Each structure stands twice: as structure tokens, then as C-alpha cells.
Amino acid sequence: KNEVEQSPQNLTAQEGEFITINCSYSVGISALHWLQQHPGGGIVSLFMLSSGKKKHGRLIATINIQEKHSSLHITASHPRDSAVYICALADNDMRFGAGTRLTVKP
Amino acid sequence: NAGVTQTPKFRVLKTGQSMTLLCAQDMNHEYMYWYRQDPGMGLRLIHYSVGEGTTAKGEVPDGYNVSRLKKQNFLLGLESAAPSQTSVYFCASSGTGRIYGYTFGSGTRLTVV
């Protein structure tokens, strides 16, 4: 079983919808990262969380350490949010989820 | 502010050829990493370095070698390329301690025919 499981694998939404991407993990961690990979391939770090909640613009990330679960929310989604979102665990090593491919249609 | 720069961006190799991928960072980061990304799979760590002159194996090190002679550069070598090494390769760097934010390069798309 993969240490990092993301759901859903693929997600299609209409512009303006509220998006939630989930990440569950099975090991102890120091921190969890949410990354964004656009169709061009570049990877950008969105958040690094060790507890609680962080917000940046329309993006919100939460983590529950006891339940080993994190969520990434996008409010008022826009076509430019279309990308692959990757959850990654940071401890002695960095382990990545397979990613969630989000498509936001106008 | 360049961040992490990878060269080349694209390369096609014949089976058995060798090549070196270069990663350069200008943020004075201690930690540097090489990952490969294959369709349907998460990024997988090939090798990493925790400082100048040090390297260590990651999850999928076979068929690759690395060197970190200068703090700002991390080189990934393929001595004898195989079709199974067709992938997109990403370099990343981070500050002291892996819990700090990562900066990724833009990737190198390698095809081995």
C-alpha cells in the first residue's frame, strides 16, 4: 500500500465550484506539502503544513495529524486552476502522492 | 532570481549512451535532490545530497550516479542509458532540514530509444 494516497485521481469541475482534494497517509511526518504542477510541467510549492490550517488567496490547506489526513480546498475555482495537485510527506525523506488531475471548465 | 535551473530541458539518447543532467541553484540551499516522474506514479527520489561533497541513494538509484562537488550544483549521470530510464527528471533544493520549503527545477524530458 502506498504511504500517500490521494483522492480523487481525476476531478472535473465547473468554473466557480468549490474544490476539495484529499490526502491520507500512513506514516509519521514532520510536515506535509501541497504542490501544483501545471501542464507545462513546472512544479510549484503551494503550502507546507505541520498542523492546523493555512490560507493563500483562494487556496486553503488543512491537516489533521492524529487522523493522518490533509485536504486542499480551492474556492471559486477558475480554469487557470487546472493542474495536477500533489501531496508530499516530508520526514527523513520526501514521499509523493500520485497526484490529482484537476480540470476546471469555463 | 533564477532559483533552480536544470539543463538540458529535452534530450533523446540511444540505448547505451551516457549523459549528465545539471542542476544549479542560487539560494545557498544545503539539500539537493533528483527525482523522476513517470505517468501514473508519484515523483520518486533517485539520489539526494545533504551538503557539498555528500550524496546518498534514494528510492530508485540503480543506473544513476550523482556528484555534488560544489554546493550550488548537483549532477545526475546516466552511464549507459536504457529505455526504462525514459522519464521526466526534476531537481529540487531546500534549506537546512527537509521540513523547509522545496524549490523545483522546470524538469528535463529524457527519451531513450
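Residues numbered from 1 in each chain as written. Chains lettered and ligands numbered in written order. Predicted model: local features only at pLDDT ≥ 70, side-chain atom pairs only at ≥ 80, totals over all residues. Heavy atoms only, no water.

## With respect to the interface of chain A and chain B
At the interface, 18 residues of chain A touch 14 residues of chain B. In total, chain A and chain B occlude about 1,400 Å² of area from one another, counting both sides; carbon and sulfur atoms represent 63% of this. Linking chain A to chain B there are zero salt bridges. At the junction of chain A with chain B, the criterion picks out one residue pair in polar contact (both at pLDDT 80 or more). Of all the elements in the fold, those that place two or more residues in the side of chain A that touches chain B are β4 (31-37), β5 (43-49), β9 (83-90) and β10 (94-96) of chain A. (Contact = heavy atoms within 4.5 Å. Buried area = accessible area lost by both parts, 1.4 Å probe. Salt bridge = Lys/Arg side-chain N within 4 Å of Asp/Glu carboxyl O. Polar contact = N/O pair within 3.5 Å; in protein donor to acceptor, adjacent residues only side chain to side chain. Helix = DSSP H or I, 4+ residues; strand = E, 2+ residues; numbered from the N terminus.)

## So, the sheet that holds strand β1 (residues 4-7) of chain B
All names here are of chain B. Here four strands make up an open sheet; going across it, the order is β1-β3-β8-β7 and the pairing antiparallel. Since the sheet does not close on itself, it has two edges, and those belong to β1 and β7 (65-67), each with one partner. Across the sheet, the axes of successive neighbouring strands diverge by a mean angle of 20°, strand direction being ignored. Where strand β3 (residues 19-25) and strand β8 (residues 73-78) come together, six bridges link them in antiparallel fashion. Residue pairing for β8: Thr20 is matched across the bridge by Gly77. (Pairing = 2+ DSSP bridges. Axes fitted to C-alpha atoms, helices over the stretch in contact; angles between N-to-C directions.)

## Thoughts on the environment of Gly101 of chain B
One can find Gly101 of chain B in the loop between β9 (87-94) and β10 (102-104). Assessed through its relative accessible area of 35%, Gly101 of chain B is described here as partly exposed. Setting aside chain neighbours within four positions, we find Gly101 of chain B in contact with His33 and Met48 of chain A together with Ser93, Ser94 and Gly95 of chain B. (Buried < 20%, exposed > 50% of the residue type's maximum accessible area, 1.4 Å probe, protein only.)

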